[in-house]
Amino acid sequence: MTTLVDRAIAALRANHDALAALVPTLSEQQLRDRSGAAEWTVAQALSHLGSGAEISRKPIAIAAGEHVEPEDNQSVWARWNASSPADQAAGFIKHNAAYLDTVDGLSAEQRDLPIDMGILPEPVPLVVALGLRLNEVANHAWDVRVGVDPSATLDAGSADLLIELFGGPMAFLLGFSGKPDQLDQEVRLAIPGGGIEITDTVTVADTVDDPTATFEGPAEAVVRLLTGRLGTERAAGASVTGNVTLDELRKVFPGY
């Protein structure tokens, strides 16, 4: 039976393969062009993904029994930030592949080990560690691709899985990123395959009873909404009807 862990690894691999095919074709100028992340170039988005792969691989490798040389995150980021755009791009492919090799190589017993991410109050199951990485990779991969192709969309398989994870083991993440106090009324938003309830918290559910609003658009646009990537210039094909507007929802989900 295919598990959430299997699906997360497959989605991470799909994003890697797409970027590994794209990145070597990019010119120096394209690497320096603005990405979908307003403050980053394409190369800087790749650098963020590469340093993230390096940092997030370590706790999984340690849990699996590998000896890992310690290095604080600030030092890792400084090293990546000092690299040239070309080296940032090449480094992403190398370190993201190493991350995937590590998670692909875990035994059934190792998949059950808790992972101490170092940024959360307590160790988490592997599916949460992978889900956090997928959320980062899928969204920043879109940042990279939309910097080259304005019509790019977020990987559809990743979007479906992320919505499922937001409604399950990664529900806590919306507690950090969502700003429900930006609305004056409760919203029960129907989305493809489920719903988003905005009260004093934000909850993703399989279904929503008596929806007060409806989101029209693909699942990938829902994920981009939740992560602050559905700006007016990137919202073609997406709309909201009911007791909330798309602009109001953007304030609830400012992104990261």
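Residues numbered from 1 in each chain as written. Predicted model: local features only at pLDDT ≥ 70, side-chain atom pairs only at ≥ 80, totals over all residues. Heavy atoms only, no water.

A. The arrangement of the overall build of the protein in detail. The helix and strand inventory of the protein stands at 11 helices and five strands. In terms of overall size, the protein behaves like a compact globule, its C-alpha atoms giving a radius of gyration of 18 Å where 256 residues would be expected to give roughly 18 Å. Overall, the C-alpha framework of the protein stretches about 50 × 45 × 35 Å when taken along its three principal axes. Every one of the 256 residues in the protein was classed for burial, and the buried ones make up 46%. For the protein, the share of sequence-separated contacts (at least 6 apart) that also reach a separation of at least 24 residues comes to 66%. Total accessible area computed for the protein in this model is approximately 12,000 Å², and 52% of it derives from carbon and sulfur atoms. Here the protein contributes 18 positive and 36 negative side-chain charges, whose respective centroids are spaced 6 Å apart. (Helix = DSSP H or I, 4+ residues; strand = E, 2+ residues; numbered from the N terminus. Rg over C-alpha atoms; globule rule 2.2 N^0.38 Å. Buried < 20%, exposed > 50% of the residue type's maximum accessible area, 1.4 Å probe, protein only. Contact = heavy atoms within 4.5 Å. Areas by Shrake-Rupley, 256 points an atom, 1.4 Å probe, with all protein chains shown as cover. Lys, Arg positive; Asp, Glu negative; His and termini not counted. Charge placed at Lys NZ, Arg CZ, Asp CG, Glu CD.)

B. Focus on the environment of Gly65. Along the chain, Gly65 falls in the loop between α3 (42–63) and α4 (73–81). According to the relative accessible area criterion, Gly65 is exposed, its value standing at 65%. Taking the C-alpha atoms as reference points, Gly65 and Gln110, separated by 45 residues in sequence, lie 9.0 Å from one another.

C. Molecular detail of the side chain of His140. With respect to the secondary-structure elements, His140 resides in helix α7 (residues 126–148). Beyond its immediate sequence surroundings of up to four residues, His140 is in contact with Trp40, His48, Leu49 and Arg229.

D. Local environment of the nonpolar core. Within the largest apolar cluster, 75 residues are counted, with the highest numbers of intra-cluster contacts made by Leu46, Leu130, Leu189, Ile196, Ile198, Phe215 and Phe253. Top element by residues in this core is α7. It accounts for 13 residues. If near-sequence neighbours (up to four positions away) are discounted, Ile196 is found in contact with Val187, Arg188, Leu189, Ile191, Val202, Thr203, Val204, Val222, Leu226 and Phe253. (Core = buried A, V, L, I, M, F, W, Y, C linked by side-chain atoms within 4.5 Å.)

E. Spotlight on the pattern of salt bridges. Counting across every chain of the model gives 12 salt bridges. One salt bridge connects Asp143 with Arg229, and the closest N-O pair in it is separated by 2.9 Å. In this pair, Asp143 is assigned in helix α7 and Arg229 in the loop between α10 (219–226) and β5 (239–242), connecting sequence segments 86 residues apart. Arg229 carries the same exposure label as Asp143, and that label is buried. Because the salt bridges share partners, they merge into one network encompassing Glu54, Glu71 and Arg79. (Salt bridge = Lys/Arg side-chain N within 4 Å of Asp/Glu carboxyl O.)

F. Structural view of α3. Over its 22 residues, α3 extends 32 Å from the first C-alpha to the last, a length consistent with the 32 Å expected when each residue adds 1.5 Å. Among the 22 residues in α3, 18 count as buried, and that is most of the element. Of the residues flanking the end of α3, it is Gly65, one or two places downstream, whose phi is positive at about 100 degrees. (Expected span 1.5 Å × (residues − 1).)

G. Inspection of the pairing of strand β3 (residues 202–205) at higher detail. The alternating pattern of β3 places Val202 and Val204 on a buried face and Thr203 and Ala205 on a face that is not buried. Once strand β2 (residues 194–198) ends, the chain turns through three residues before running back antiparallel as β3. (Pairing = 2+ DSSP bridges.)

H. Layout of the sheet that holds strand β1 (residues 187–191). The five strands are arranged β3-β2-β1-β4-β5 in an open sheet whose pairing can be described as mixed. The sheet terminates laterally at β3 and β5, the two strands that pair on one side only. Adjacent strand axes in the sheet meet at a mean angle of 20 degrees when their direction is disregarded. Bridge analysis of β1 against β2 gives five bridges, and the strand direction is antiparallel. The partner of Leu189 across the bridge, within β2, is Ile196. Sheet strands touched by α10: β1, β2 and β4 (213–216). Its angle to β4, the strand with the most contacts, is close to 115 degrees. (Axes fitted to C-alpha atoms, helices over the stretch in contact; angles between N-to-C directions.)

Everything listed here is a matter of geometry and, on its own, says nothing about what the molecule does.
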